[in-house]
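Given next are the chains, with one letter for each unit.
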Amino acid sequence: MPHEPLRHPEVGLDVVADRPSGTRPDAGPRSDRRPGTCPMAGVTERLFASAGPDVTGALGELVVARGFDGGAVSRVRRGALWAQHAVDGRGTCVHVPEALPPGDCPCRLVLRSSAPVVIGSCSERYGRDHWTVRTFGIETYVGAPVRIEGVPVGTLALWSRDRRAMGPAAAEEVAVAARLFGAAIEREERRRLLGDLQRVARVGAWSLDADSEMMQWSEGAFLIHGRPSSLGHPTVEEALLYVVPPHRERVREAVRRPGGGCATFDLEAQIVTHTGEARWVRIRGECQCRDGGPERTVGTIVDVHDLTEARLRAERAEMVLRTVVDNSPSVVYAKDRDGRYLLANHHVAALAGRPKDEVIGRTDAELWSPEHASRFRQEDELVLRTEESLFIEDSGGPRGDVLTSKYPVRDDSGCVVGVAGIGTNIGPLKALQRQLEESRRRFELATEAAGVGVWTWNVDDDRLTWSGPMRRLLGLAPGTPPSTLAGFIALLHPDDRAAAEERIRAAADRVAGFEGEFRVRDLTGHRVLATRGMGYAARGVDPRRVAGACWDVTSQHEAEASVRRVNTLLSERNAELEQFLYTISHDLKAPVVTIEGFAGLASARLDGGGSPEVVDAIERIRRATARLSAIIGELIQLSTIGRNDHPAEPVDVGSLLDELLADMDGLIVWSRAEVIVATPMPTLRLPRSRLRQALENLIGNALHHGLTESDRRIIVEASRDHAEVRIGVRDHGPGIPPEFHARIFEPFVRLQPARDGGESRGPAWSGTGVGLAIVRRVALALGGRVLLHSDPGCGATFTLALPVTLLSDTTPEEHPR
Amino acid sequence: MNATPHRPPSPERDADDAGRTGTLFLLVEDDADHAHLINSGLVEARDDNTVVHVWDGEEALDYLHRRGRFADARRPDVIVLDLKLPGRDGHDVLCEIKGDASLRSIPVVVLSTSDTAQDRGRAYDNNANSYLVKPMSFIGLIEMIRLLDTYWGLWNKPAS
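Here the structure is a predicted model, which means the values were calculated and not measured.

All right, on to the overall build of chain A then. Counting its secondary structure elements, chain A contains 21 helices and 32 strands. Here chain A holds 817 residues, and the buried ones make up 42% of them. By element, 54% of the accessible surface of chain A is carried by carbon and sulfur atoms, the whole surface being about 43,000 Å².

See the structure below:
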């Protein structure tokens, strides 16, 4: 298989393309080879790929001719360098000439590793000792070390059958090639390192060309933006679209520097990645200028999402803390171990009499009086020493009525680094507590004094508690422990138990009130307790409770029963009395009729004759009879007023008066009196005859007692206020002395002696002393009263005052007050 | 004039009086004095008036039903009835008279001392023909009896 030898144009090396002959019998069967698993595969290929023009510049054009499945085959055109590697069954990388295509590979470029470093992951495993270099008898070897970062990592060797070509010049060429080769590897490694670095550190680099507005993004930049590299580099506007709108303008301005000027910038912004994820990035850049104008901008972009999020969270947390602390009604502060204030709200500042900023960083000794500062410091030191919270309640102390709590402040590792304190002004609370205590005491005293017992039943745990007075009411010994509802019910009278329990349970179920009475056993029998209570839910939710108050109404019950008995007795007696009066009056009437009848008969028979003594005697009998008859008549009237045997009807008082005055005309004329109805009269709804009775008596009374020689007027007038309608009869007589005002309405009470005469008293004068009593009884029967106003010497006014409810609906007019 | 005991009712006298044109009053009155005054008044008002006086309700009904000694009694033209009577009272008697078809046409004038609405109402409810309250003056009494005679004895035309 002769090949035309090719000469390297610069090295002057003829590389004979010749198929290597002879194979080692122990090279292993082909079947043992595991193509694709050679760790060198990628390395060699990458090496040659990245060596690029520099290597080819030295050794000719390096072309990766084929894939590496069966071993990488690299060829230097004209130089015809070939390399082939395979892995045998023991994991040893061997040169497999059979893999070479026929007619190729006149010589080999073998990279021998001399140190377990760098060249891919295989370098460690396939160190020097694992390399097996097959030599072919007549071939000559020229090698040079390949170094990366100055460290030898392998050898670049040239094999040739042409010994002549392997002179110093060739060795120099190989050395140059090895150096270039090492540098190429170095570049490649750096590039990879940079890529890894960018990916791991989430850092990217970018540049912006001012003219084209095109950006160049590093691999990291693509990664941070989540932009597929297939989309290529973005324009600046495309890149800005990744920035969230609120930040976009700021970034645009920084990156494009529209105002010119070459400066650096450093900002944080939020972007939305290609996959829709919002992330914080830090963009730094530098504007590079040429000839006074921006040429390009270069910079980095760093994903600072976690950091920024953490910072923002911390800022928010701090803001919340500050808001809470500043708005707390309490005194809030924190101090470091040395007692310097790290945190203080305005209450602290107010107490210290300094602005808040001046409190921070100061110690107690600088802010408070020596004794206070010393005391505070002692407390702080106690907290720092014990690492436990401390509660101090001051009453009227240096801090006023304050409840102070102090807590150790710990850092991340749990070390106590300071003291935090919260001081709450409990002055108002204390005052409330005192008030509550006071009102509780007053309540207890009041219930005690009133004999009111209080009990509470907690529905859920069926616990019934009672106050001291309650125990007494139930006849329990002092200190009897709380019971249950059943225990309470058992104390009641058997007949009352079911009803009491039902009411209490209903109150609990409906959260409603209840009241009732029940009996409890007593040494002396049963006592009656009135109770009133309420079901309620504490704080508007369960557990439900029923609270009740009880008081003893036994004596009230007894009194009521006794009043009822007395009332019954009284009404019976009254009825009897009325009946008695009625009967007596009628029985009295019969003999009066007889006496008058026979006296009259006698008088008629005398007919002007007879002795004057007899005539006088008969006249005296007849006058006495007339008087007796009048008394009886009025007694009957009096006894029947209370009877409800006259129906109420609308009565026009004006026309009633007209009628009455007409009937009394004889008496009025005889009395030479003038009766004046001075105001319009109301219409009332009442028994007509009763009102007539009352008015007749009032006017009659005035006619008989209320006239003087100088003034014989009697005024009848009406008035009303919100409660009463009044009809007054006013005379201008001598008046009634005050000492008689109370007695004058009693029956048979007269202020003037009942002289035997009737003749001076006029035709209808009875003078029985019952008249005003009748008026009073009429007024009472109608729900009203009789008023007397009289000053001696100035006449008297008797007023019939009736409730306005008697005003008939038909009354057309309002009456002046 | 001295008060004299009222003469007892006498059927014989009634028989003697048969054919007289005057009015026959049956006076039911337990008070002897009142009976005397009323009797005097009626007789004085007209000479031919006859007054038969019985003392109580039982006697009045015996008379009206012609029982016992009143078997031949003449039917009265007018009954003057007091309410307050021993035994069966005036209301009771009135009730029985007006409940009896043969008697109910006889006018019954109640003459009582009672002026109560209760008594008046009850009497009229039981179909009394008139209710008069005994006046407490002699003049009034005499005048009332005169008028009673005039109205019930002279002018009133009974059914029978």
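Here we take up the overall build of chain B. Check the secondary structure of chain B and you find six helices and five strands. The secondary structure elements of chain B, listed N-terminal to C-terminal, are α-β-α-β-α-β-α-β-α-β-α. Long-range contacts, defined here as pairs at least 24 residues apart, represent 67% of the contacts in chain B between residues at least 6 apart. Taken as a whole, chain B presents about 7,300 Å² of accessible surface, with 51% of it coming from carbon and sulfur.

The next point concerns helix α4 (residues 90–99) of chain B. All names here are of chain B. Gly90, His91, Val93, Leu94, Ile97 and Lys98 are the residues of α4 that are buried. Down the axis of α4, the sector holding all buried residues measures 160°, keeping them to one side. Contact partners of the buried residues in α4: α3 (57–64), β3 (78–81), β4 (108–112) and α5 (117–125).

Below, the discussion takes up the sheet that holds strand β15 (residues 293–303) of chain A. Residues and elements named next belong to chain A. Taken together, the five strands give an open sheet; going across it, the order is β12-β11-β15-β14-β13, and neighbouring strands pair in antiparallel fashion. Of all the strands in the sheet, just β12 (215–217) and β13 (264–272) have a single pairing partner and so form its edges. For this sheet, the mean inter-axis angle between neighbouring strands, taken without regard to orientation, is 25°. In terms of strand pairing, strand β11 (residues 203–209) meets β15 through seven bridges, oriented antiparallel. Each residue of the ladder has a partner; that of Gly204, found in β15, is Ile301. Against the sheet, helix α6 (residues 245–256) contacts β11, β13, β14 (278–290) and β15, and its axis sits at roughly 145° relative to β13. Across the sheet, helix α7 (residues 305–327) touches β13, β14 and β15, and the angle it forms with β14 is around 115°.

Let us now look at the confidence of the model for chain B. Residues and elements named next belong to chain B. Residues at a pLDDT of 70 or more form 86% of chain B, whose mean pLDDT is 82. For residues 1–20, every residue scores under 50 in pLDDT, and the model assigns this stretch 25 contacts once sequence neighbours within four places are set aside. The ipTM for the predicted assembly is 0.70, set against a pTM of 0.40.

Residues and elements named next belong to chain A. In spatial order, the strands read β27-β29-β30-β32-β31; together these five strands make up an open sheet with mixed pairing. Of all the strands in the sheet, just β27 (674–677) and β31 (785–790) have a single pairing partner and so form its edges. Along the sheet, successive strands turn relative to each other by an average axial angle of 20°, direction set aside.

Our next topic: the packing of helix α17 (residues 612–641) of chain A against helix α20 (residues 688–705) of chain A. Residue and element names in this part refer to chain A. Direction vectors running N to C along α17 and α20 enclose 135°, while the axes themselves pass 12 Å from each other. Between α17 and α20, the angle falls in the class oblique. Crossing handedness for the pair α17 and α20: left-handed. Here Glu634, Gln637, Thr640 and Ile641 of α17 lie close against α20, whose contacting residues are Arg690, Gln693 and Asn697.

Residues and elements named next belong to chain A. Buried residues of helix α21 (residues 771–781): Gly771, Leu772, Ala773, Ile774, Val775, Val778 and Ala779, and no others. Residues of α21 that are buried in the fold lie against α17, α20, β31 and β32 (796–803). The first or second residue beyond α21 is Gly783, which carries a positive phi of 85°.

For the structure shown, the criterion picks out 59 salt bridges over all chains. Measuring nitrogen to oxygen at the nearest pair gives 2.7 Å for the salt bridge that ties Arg785(A) to Glu724(A). Here Arg785(A) is found in strand β31, whereas its partner Glu724(A) is found in strand β30 (residues 724–730), with 61 residues between them in sequence. Ionic pairing is found between Arg88(B) and Glu96(B), a salt bridge with its closest N-O pair at 2.6 Å.

Aromatic ring pairs are defined here through the distance separating the ring centres and the angle between the ring planes. Residue and element names in this part refer to chain A. The final tally for this structure, using the stated rule, is 14 aromatic pairs over all chains. Note on Trp217 and Phe222: the rings are 5.5 Å apart at their centroids and 75° apart in plane angle, and the pair reads as edge-to-face. For the pair Trp217 and Phe222, a shared accessibility class is recorded, and that class is buried. Here the aromatic cluster, defined as three or more aromatic residues joined through ring pairs, consists of Trp455, Trp466, Phe488, Phe514 and Phe518.

Residues and elements named next belong to chain A. Take His247: it is sitting in helix α6. For His247, the side chain forms a polar contact with the main-chain nitrogen of Gln270, separated by 2.8 Å. Once you skip the residues sitting within four places of it in the chain, His247 turns out to touch Ala269, Gln270 and Trp280.

Quick look at the interface of chain B and chain A now. Taken together, the contact pairs 22 residues of chain B with 19 residues of chain A. Of the roughly 1,900 Å² buried between chain B and chain A on both sides combined, carbon and sulfur atoms contribute 66%. In this assembly, chain B and chain A are joined by one salt bridge. A salt bridge links Glu44(B) to Arg605(A), with the nearest nitrogen and oxygen atoms 3.0 Å apart. Here chain B and chain A share five residue pairs in polar contact (both at pLDDT 80 or more) between them. Contributing elements (two or more residues each) for the side of chain B that touches chain A: α2 (32–45), α5 and α6 (138–155) of chain B. Among the elements that make up the side of chain B that touches chain A, the one with the highest residue count is α2(B) (five residues). Its residues assigned to classes, the side of chain B that touches chain A shows eight nonpolar, seven polar and seven charged.

Each value, and the rule that gives it
Residues numbered from 1 in each chain as written. Chains lettered and ligands numbered in written order. Predicted model: local features only at pLDDT ≥ 70, side-chain atom pairs only at ≥ 80, totals over all residues. Heavy atoms only, no water. Helix = DSSP H or I, 4+ residues; strand = E, 2+ residues; numbered from the N terminus. Buried < 20%, exposed > 50% of the residue type's maximum accessible area, 1.4 Å probe, protein only. Areas by Shrake-Rupley, 256 points an atom, 1.4 Å probe, with all protein chains shown as cover. Contact = heavy atoms within 4.5 Å. Arc of directions from axis to C-beta. Pairing = 2+ DSSP bridges. Axes fitted to C-alpha atoms, helices over the stretch in contact; angles between N-to-C directions. pLDDT = per-residue confidence, 0-100. Parallel < 35°, antiparallel > 145°, perpendicular 65-115°, else oblique. Left-handed = near helix turned anticlockwise from the far one by under 90°. Salt bridge = Lys/Arg side-chain N within 4 Å of Asp/Glu carboxyl O. Phe/Tyr/Trp six-rings, centres within 6.5 Å; stacked < 30°, edge-to-face > 60°. Polar contact = N/O pair within 3.5 Å; in protein donor to acceptor, adjacent residues only side chain to side chain. Buried area = accessible area lost by both parts, 1.4 Å probe. Nonpolar A, V, L, I, M, F, W, Y, C, P; charged D, E, K, R; others polar.

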